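Fold and contact review
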Amino acid sequence: MAVKIIGTGSYVPENVADNHFLSTIVDTDDEWIRQRTGIKERHLSSGSKEGTSFMAAKAARAALENSGISAEELDLIIVATTSADTYVPSTACQVQGEIGAIRATCFDLNAACSGFLFSLNTADAYLEMGMARTALIIGAETLSREVNWSDRSTCILFGDGAGAAVLQRVEGSGGILASVTGSDGNQGDVITCKGRGIQNPFHKSRRKKDYIQMNGQSVFRFAVSTVPKYIKYVLKKTGLEADDVKFYILHQANRRILELIAKRLKVSMDKIPMNLDHYGNTSSASIPILLDEINRNNLLEEGDKIVLSGFGGGLTWGATLIEW
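The structure contained in this document is the topic of the report that follows. Here the structure is a predicted model, which means the values were calculated and not measured.

A word on the sheet that holds strand 13 (residues 247-250)
In space, the four strands of this open sheet follow the order 8-15-14-13, with mixed pairing throughout. The open sheet has two edge strands, strand 8 (175-183) and strand 13, and neither has a second partner. Adjacent strand axes in the sheet meet at a mean angle of 15°, parallel and antiparallel pairs treated alike. Looking at chain direction, strand 8 and strand 15 (residues 316-323) are connected through eight bridges and run antiparallel.

Quick word on unusual backbone geometry
Backbone torsion omega between V88 and P89 reads 0°, so that peptide bond is classified as cis. Within the secondary structure, P89 is located in the loop between strand 4 (76-80) and helix 4 (91-99). Note the cis peptide between G314 and L315, where omega equals -10°. Along the chain, L315 falls in the loop between strand 14 (305-312) and strand 15. Phi at A112 is positive, roughly 55°, even though this residue is not glycine. Counting through the fold element by element, A112 comes out in the loop between strand 5 (105-109) and helix 5 (115-128). For A112, a relative accessible area of 13% puts it in the buried group. Its identity as a non-glycine residue notwithstanding, N298 has a phi of 55°, on the positive side. Inspection of the secondary structure assignment puts N298 in the loop between helix 10 (286-296) and strand 14. The exposed category is assigned to N298, whose relative accessible area is 66%.

What to know about the pattern of salt bridges
Tallying each qualifying case throughout the model produces eight salt bridges. With a closest N to O distance of 2.9 Å, D85 and R145 form a salt bridge. On the criterion of sequence distance, the pair formed by D85 in the loop between strand 4 and helix 4 and R145 in the loop between strand 6 (134-142) and helix 6 (152-155) is long-range, its members being 60 residues apart. Residue classification places D85 among the partly exposed residues on the basis of a relative accessible area of 28%. Taking the relative accessible area as the measure of exposure, R145 reaches 30% and is therefore partly exposed. The partner of R296 in a salt bridge is D292, with the nearest N and O atoms 2.6 Å apart. Here R296 pairs with D292, and both are found in helix 10, just four residues apart, close to one helical turn. A residue is classified by how much of its surface remains accessible, and R296, at 41% relative accessible area, is partly exposed.

Description of the sheet that holds strand 1 (residues 2-11)
Adjacent strands of a sheet form backbone hydrogen bonds with each other and so pair up, either parallel or antiparallel. Taken in spatial order, the five strands line up as 1-7-6-4-5 in an open sheet, and their pairing is mixed. Every other strand in the sheet has two partners, leaving strand 1 and strand 5 as the edge strands with one partner each. Across this sheet, the average inter-strand angle for adjacent strands is 20°, counted without regard to direction. Here nine bridges tie strand 1 to strand 7 (residues 160-170), and the two strands are oriented antiparallel to one another.

Rules and cut-offs
- Residues numbered from 1 in each chain as written.
- Predicted model: local features only at pLDDT ≥ 70, side-chain atom pairs only at ≥ 80, totals over all residues.
- Heavy atoms only, no water.
- Pairing = 2+ DSSP bridges.
- Helix = DSSP H or I, 4+ residues; strand = E, 2+ residues; numbered from the N terminus.
- Axes fitted to C-alpha atoms, helices over the stretch in contact; angles between N-to-C directions.
- Buried < 20%, exposed > 50% of the residue type's maximum accessible area, 1.4 Å probe, protein only.
- Salt bridge = Lys/Arg side-chain N within 4 Å of Asp/Glu carboxyl O.

Here's what the structure looks like:
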């Protein structure tokens, strides 16, 4: 038996904010942003009706259609998000109600930009244990509600969107071959977005809403050292070489990071597809959105080896090697 991805889907809002538009909001310009990040534009939610659960449901329906699976066949739904519309119910339960997945167990998972990989591995464990046969995993973010639009160091980076994949335990070989995840809470202050202050009879917090704050240089150093290390780890576990992999589908945070990862893996940039120029950093949605683009452009054939790898707040990281 093997756990395989049998369908993918994605959704991004229609509203597009390019770098020229952002230059009318904060002190920046297109050249400054592109040189430092590779980002040209990002998609932003049109309002409350186009929030995280709405985009997640859109991506879910697209993935179900692509897989040929009905919502009623789903046993498990996991949504990776750091920007849920509500604390309760979970985004996964909202998606369940929206698509009619009446049999599914549903919950959210927060591992920041590594969230989709953590969801993939969690779903794999459910399927391998026989607790589920078919799972839907989604990365969905409305980061435009979490950034300070007067802070040019962060508002230029992030976009909104959702990506999804359907996993199923099927007869045969291939599928998920090796995975690794990790966390380092000692570096948690590198990327933060605080919640509400405490309000109870013993304490009245005066803290206002917080926004995403990030030490960009620390994130950069962490990413270019950690991601290649753990990609090499999953390759070694399976006896493969870096050139045996068709695509490295990496978290879309910064073009310079992706170029340095390619250099450290000693692979061509042709093996590292990018779409961050059009979407920016969509956190947990970035890997599944890119995977869906590659899949729908018919760039994957049965037997192809791909690596999914991400890094993010926590700090967290992960890498998964898949035979398509």
